[in-house]
Amino acid sequence: MTTGQHIPVSALQPGSECIIHSLGSDEKTARRLAQMGILPGTHLHIIRVAPLGGTIEAAADQGQNVALRREEVTAMDCEPVAIPLDSGLIAVDRPYKVRMLLGGKTFRRRIQEKGIEEGTRILIQNSQARPFPIRLVDRNTEINLGRGEAEKIIVEVIDDEQSES
Amino acid sequence: MNNLKAEPVTVALAAIPNSGKTTLFNRLTGSSQTTGNWPGVSVEQKKGSFTLGEFPITLIDLPGAYALSPVTEEERVVRDYFLRTPPTIILNLLDARNLYRSLGLTLQLALSGLPMVVAVNMMDEARQQGIEPDFHVLAQHLGVPVVGISAKTGEGIPDLKKSLYGVIQHPEKTRTAHISCPPLLEKAFAQVTEAINQSGITTRLNPTFLAMRLLEEDDPRPWIKDNQTAALVRDWRNRVESSLKTSIPIVCAGCRFNAARGLVMETLKEQPVLEDRLSKKLDHIFLHRLFGLPIFFLLMFILFQGIYGLGSPLQNLLAAGFDSLGSRMASWPVYLALPTLLQSFLLDGLWQGMSVVISFFPLIALFFLFMSIIEDSGYMARAAFLMDRIMHHLGLDGKAFISLLLGYGCNVPAIMGTRILSSTYGRTLTMLLIPFTLCTARLQVFVFLAAMFFSATTAPWVILLLYICSFAAVLAMGLLLKSFHIGGDPEPFIMEMPPYRMPTLRSIGLRTWYEMKDFLFRAATLIVAGVLTVWLLTHMPPDVAAGSGATWAGQLGRMLAPVFQPLGIDWQETVALIFGFIAKEIVVGGLAVIYGGTDLTLQMTSHISPLQSVSFMLFCLLYTPCVATIAAIWSESRSVRITLLALVSGLALAWVTGFLFYQSVLLLGLR
């Protein structure tokens, strides 16, 4: 298991998720979270970002919804599980599954025409190139995504056993 | 066993925030409530009473707390209460919609050794989500009676009373549930418990519970006199924390919530929990990326108009009613038979003071009516979420934005409303910033003076300048007070987003009623005293004309002339400012009294330049708030330091601003 990972600000988008490994070094914040039942091992699901940015709403496993500041989440040791395609944390040659498409109907339609929808399995072979080259695992084809498109696609890690099946 | 008959039984109501504690408190105690502050802090204390059979019960409403190892001022109050004055019985309230969240505190309280009853609230709403807890299982694990209730509908309240009654009759100590912790910590608990047992402390609390509290404290010394035990506690704390690399309160929270998770599973038998679809849908609208803020501002506009659009005319009507009643009384033979000075004291002093107090009632009623709706419905947390980004530069959360905004209507209810803020830091800072907001009373003065000194096209710009100045003052003072750590340090902003709920008429009505009663009892005396002081200053010595230069106020004005001269303010206006302490709108009336002529406009424009008038308005905006505001600050903070700071900071900022404005204008060669 990877530890010492801090989820970057750019990855805190609706649909993102991370597993808390430690609550961060600020004792007051850590204590408050712990006493609310948000502890190491808890999955944090980002629900939304406030219109002015800076503040996010997250849901913990047991159904508590909390609002907290971006810095408080980035200060935690929180291992990313689902992140935007554009966040720079995507591992090369590892399959991911599309979890959520941010953006409106037009975006959804455009991206569907390219063959991407919720549940689509994808693989990235070069994370530096722009436009973003993506391999659609099930169709065995390659497509290109613009930067604006990539940041609106939230993908999640697929467990190794699952990806082999 | 002691015979408890006729002896009052103290029941402490403890719960984590957003569990519906206030609703249950109101449900149980009805109208027999008293409010005050917990000693030494700006945290509200509510007590109420009711009877159970032959027992008179005193119910103490403890502030919402997530745990007994405190992070917030509220939680410190709760910890102090349990350690210093343990109640006869604990009544712990849980939220059925999320038992896991609530159980963290319950598992801590269950170890206290005090008799306890657990009430699981919001059963009506939980049922709609398919949640049906097995209370029998919960009761068995916790070793205390568990009752399902809905404080909102009254469901289960008779059962709860029956359980409480049973526990009072047979106050068995709770059978301590064991929560497993890391072995080293368990050993620490055992050793400290042993030391406590041997030190011969007599307490109703369970020694293990006491050991846990001591180990979770940053410093055990205030709680234990025995030096040897204190040293042992410190020693173990260091050992555990360096070995586990986490502070003990966090380790303990982990142990409790592990137990809570298992307990919830057994209690709910893993029935599927339906999500709260209404909240999800409403959040989709109210927190929308694009529409969330416009909706917020629209709601704030409605809130502002609802309070002040309705309240201000009522306030004026009441004040006018008081005036006409006063002048009618002035023609009574009994009144006319009194010496002139006593006449004036009664009418311009006492009557005026009462008029100020009473005229605030419509505003306060409307304010708390609307605020209760916003708070009880769950929108307040959403508003805080939306505005957090802007406010957190001052270390405040989004709720403070609403308090400050409402200050632009009237400072008094806005300050009373700071009690909804979640942290002491936030309350103190907001309370000190609200006096710099340009309230409608000040606006009346400015509109009057601007029309007098400026043309119809320039006057609105002057008013706009004053508004900008007020925003700047709030911001600047906020940063200044933050850097001086007034009110302590900002608390971490981690806020629960409660589900939306329909507010009930009953709770809104009760809240509004108590706030009005509270204002009368807590602030009225100070307001009347303030008005009487101003009366003394402007009417003494007895043989001179009221408000003239020969009065004490006039003498004071002349004495202070050198101080105000660099601001371009003459002694006449200084006297008017003294009048303005009663209520800012009285400044205009004060000016009329002092100049005493028939054509005030001519007299003033020939005496004061337009730029001097701006300097005067700036001073008027920022200086010491009116007596009702000061009284509100005092009654909310119960702190001489904070109240004096409000007085002094306003005066200082007003002087500096007036000085800078007037002197720079002179330097630029304008006059």
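Residues numbered from 1 in each chain as written. Chains lettered and ligands numbered in written order. Predicted model: local features only at pLDDT ≥ 70, side-chain atom pairs only at ≥ 80, totals over all residues. Heavy atoms only, no water.

A word on the overall build of chain B
Right, on to step 1. A tally of regular secondary structure across chain B gives 30 helices and eight strands.
Right, on to step 2. The C-alpha extent of chain B, read off along each of the three principal axes, is 85 × 60 × 55 Å.
Right, on to step 3. Each of the 671 residues in chain B was classed as buried or not, and the buried ones make up 57%.
Right, on to step 4. Restricting the contact set of chain B to residue pairs at least 6 apart, pairs at least 24 apart contribute 74%.
Right, on to step 5. About 27,900 Å² of surface is accessible on chain B, with carbon and sulfur atoms providing 65% of the total. (Helix = DSSP H or I, 4+ residues; strand = E, 2+ residues; numbered from the N terminus. Buried < 20%, exposed > 50% of the residue type's maximum accessible area, 1.4 Å probe, protein only. Contact = heavy atoms within 4.5 Å. Areas by Shrake-Rupley, 256 points an atom, 1.4 Å probe, with all protein chains shown as cover.)

Here's the deal with the overall build of chain A
Right, on to step 1. Looking only at helices and strands, one finds five helices and ten strands in chain A.
Right, on to step 2. Scaling as 2.2 N^0.38, a compact globule of 165 residues should have a C-alpha radius of gyration of about 15 Å, and chain A matches this with 16 Å.
Right, on to step 3. Once the C-alpha set of chain A is aligned to its principal axes, its extents read approximately 50 × 35 × 30 Å.
Right, on to step 4. Contacts in chain A between residues far apart in sequence, at least 24 positions, make up 60% of those at least 6 positions apart.
Right, on to step 5. With the model as given, the accessible surface of chain A reaches about 7,300 Å², and the carbon-plus-sulfur share is 46%. (Rg over C-alpha atoms; globule rule 2.2 N^0.38 Å.)

Describing the sheet that holds strand β5 (residues 89-95) of chain B
Residues and elements named next belong to chain B.
Right, on to step 1. Strand order in this open sheet of seven strands is β2-β3-β4-β1-β5-β6-β7, and the pairing throughout is mixed. The open sheet has two edge strands with one neighbour each: β2 (33-37) and β7 (146-148). The average undirected angle you get between the axes of adjacent strands in this sheet is 25°.
Right, on to step 2. Pairing geometry for β5 and strand β6 (residues 116-121), over six bridges, is parallel. Its bridge partner being in β6, L94 is matched across the sheet by V120.
Right, on to step 3. Docked against the sheet, helix α3 (residues 99-110) engages β1 (9-14), β5 and β6, running at close to 165° with respect to β5. (Pairing = 2+ DSSP bridges. Axes fitted to C-alpha atoms, helices over the stretch in contact; angles between N-to-C directions.)

Examining the interface of chain B and chain A
Right, on to step 1. With 43 residues of chain B at the interface, the matching set in chain A holds 33 residues.
Right, on to step 2. When the two sides are added together, the surface that chain B and chain A hide from each other amounts to roughly 3,400 Å², 60% of it contributed by carbon and sulfur.
Right, on to step 3. Among the residues chain B hides against chain A, the three largest losses belong to R289(B), F385(B) and I494(B). Together they make up 20% of the total.
Right, on to step 4. Between chain B and chain A we count three salt bridges in total.
Right, on to step 5. D388(B) serves as the salt-bridge partner of R69(A), at 2.6 Å between the closest nitrogen and oxygen.
Right, on to step 6. Linking chain B with chain A are twelve residue pairs in polar contact (both at pLDDT 80 or more), by the criterion used here.
Right, on to step 7. Breaking the side of chain B that touches chain A down by element, the ones donating at least two residues are α3, α10 (248-268), α11 (277-286), α16 (379-391) and β8 (494-496) of chain B.
Right, on to step 8. The element best represented in the side of chain B that touches chain A is α10(B), accounting for seven residues.
Right, on to step 9. Taken together, the residues of the side of chain B that touches chain A break down into 21 nonpolar, eight polar and 14 charged.
Right, on to step 10. Of the strand pairs in this sheet, strand β4 (residues 65-69) of chain A and β8(B) are connected by three bridges, and their pairing is antiparallel. (Buried area = accessible area lost by both parts, 1.4 Å probe. Salt bridge = Lys/Arg side-chain N within 4 Å of Asp/Glu carboxyl O. Polar contact = N/O pair within 3.5 Å; in protein donor to acceptor, adjacent residues only side chain to side chain. Nonpolar A, V, L, I, M, F, W, Y, C, P; charged D, E, K, R; others polar.)

With respect to the domain arrangement of chain B
In many reports, interface size means the accessible area that the parts give up when they come together.
All names here are of chain B.
Right, on to step 1. Segmentation of chain B into domains returns domain 1 (1-169 + 176-274), domain 2 (292-440 + 458-521) and domain 3 (525-667).
Right, on to step 2. Relative placement of domain 1 and domain 2: their C-alpha centres are 35 Å apart.
Right, on to step 3. Taken together, the contacts link 22 residues of domain 1 with 17 residues of domain 2.
Right, on to step 4. Between domain 1 and domain 2, roughly 1,700 Å² of surface is buried when both sides are summed, and carbon and sulfur atoms account for 41% of that area.
Right, on to step 5. Taken together, domain 1 and domain 2 are joined by four salt bridges.
Right, on to step 6. Only α1 (21-29), β2 and α2 (73-84) provide two or more residues apiece to the side of domain 1 that touches domain 2.
Right, on to step 7. Of the residues contributing to the side of domain 1 that touches domain 2, the split by class is five nonpolar, nine polar and eight charged. (Domains from an automatic or database assignment.)

A word on α1(B)
Right, on to step 1. Among the residues making up α1(B), those that are buried are K21(B), L24(B), F25(B), N26(B), L28(B) and T29(B).
Right, on to step 2. Positive backbone phi, approximately 60°, marks G30(B), located one or two places after α1(B).

Here we look at the side chain of R501(B)
Residue and element names in this part refer to chain B.
Right, on to step 1. By the secondary structure assignment, R501 is in the loop between β8 and α22 (505-539).
Right, on to step 2. Among the polar contacts made by the side chain of R501, one reaches the side chain of E125 at a distance of 2.8 Å.
Right, on to step 3. Contacts of R501, omitting those with residues within four sequence positions, involve R97, M122, E125, K152, D376 and S377.

Some thoughts on the pairing of strand β8 (residues 132-136) of chain A
Residue and element names in this part refer to chain A.
Right, on to step 1. With four of five residues buried, β8 lies mostly within the body of the structure.
Right, on to step 2. As defined by bridge partners, β8 adjoins strand β9 (residues 141-145) across five bridges and the pair is classed as antiparallel. Among the inter-strand pairings, I134 is bridged to a residue of β9, identified as I143.
Right, on to step 3. Linking β8 back to β9 in an antiparallel pair, the connection comprises four residues, with N140 at a positive phi of about 60°.

What about the pairing of strand β3 (residues 44-52) of chain B?
All names here are of chain B.
Right, on to step 1. Where β2 lies against β3, five bridges are found, and the strand directions are antiparallel. The residue of β3 that forms the bridge with N37 is E44.
Right, on to step 2. Direction of pairing for β3 relative to strand β4 (residues 55-61): antiparallel, over a ladder of seven bridges. Along β4, the bridge assignment pairs L52 with F55.
Right, on to step 3. Here β3 folds back onto β4, and the loop between the two strands holds two residues, one of which, G53, carries a positive phi near 60°.

Section: the state of the cysteines
Right, on to step 1. Tallying each qualifying case throughout the model produces one disulfide over all chains.
Right, on to step 2. C410(B) takes part in no disulfide bond, and the closest cysteine sulfur to it belongs to C439(B), at a distance of 6.2 Å. (Disulfide = S-S within 2.5 Å.)

Considering unusual backbone geometry
Right, on to step 1. One non-glycine residue, N140(A), lies in the positive phi region at around 60°.
Right, on to step 2. Along the chain, N140(A) turns up in the loop between β8 and β9.
Right, on to step 3. Residue classification places N140(A) among the exposed positions, given a relative accessible area of 56%.
Right, on to step 4. Of note, M122(B) is a non-glycine position whose phi angle comes to about 65°, a positive value.
Right, on to step 5. Relative to the helices and strands, M122(B) resides in the loop between β6 and α4 (123-128).

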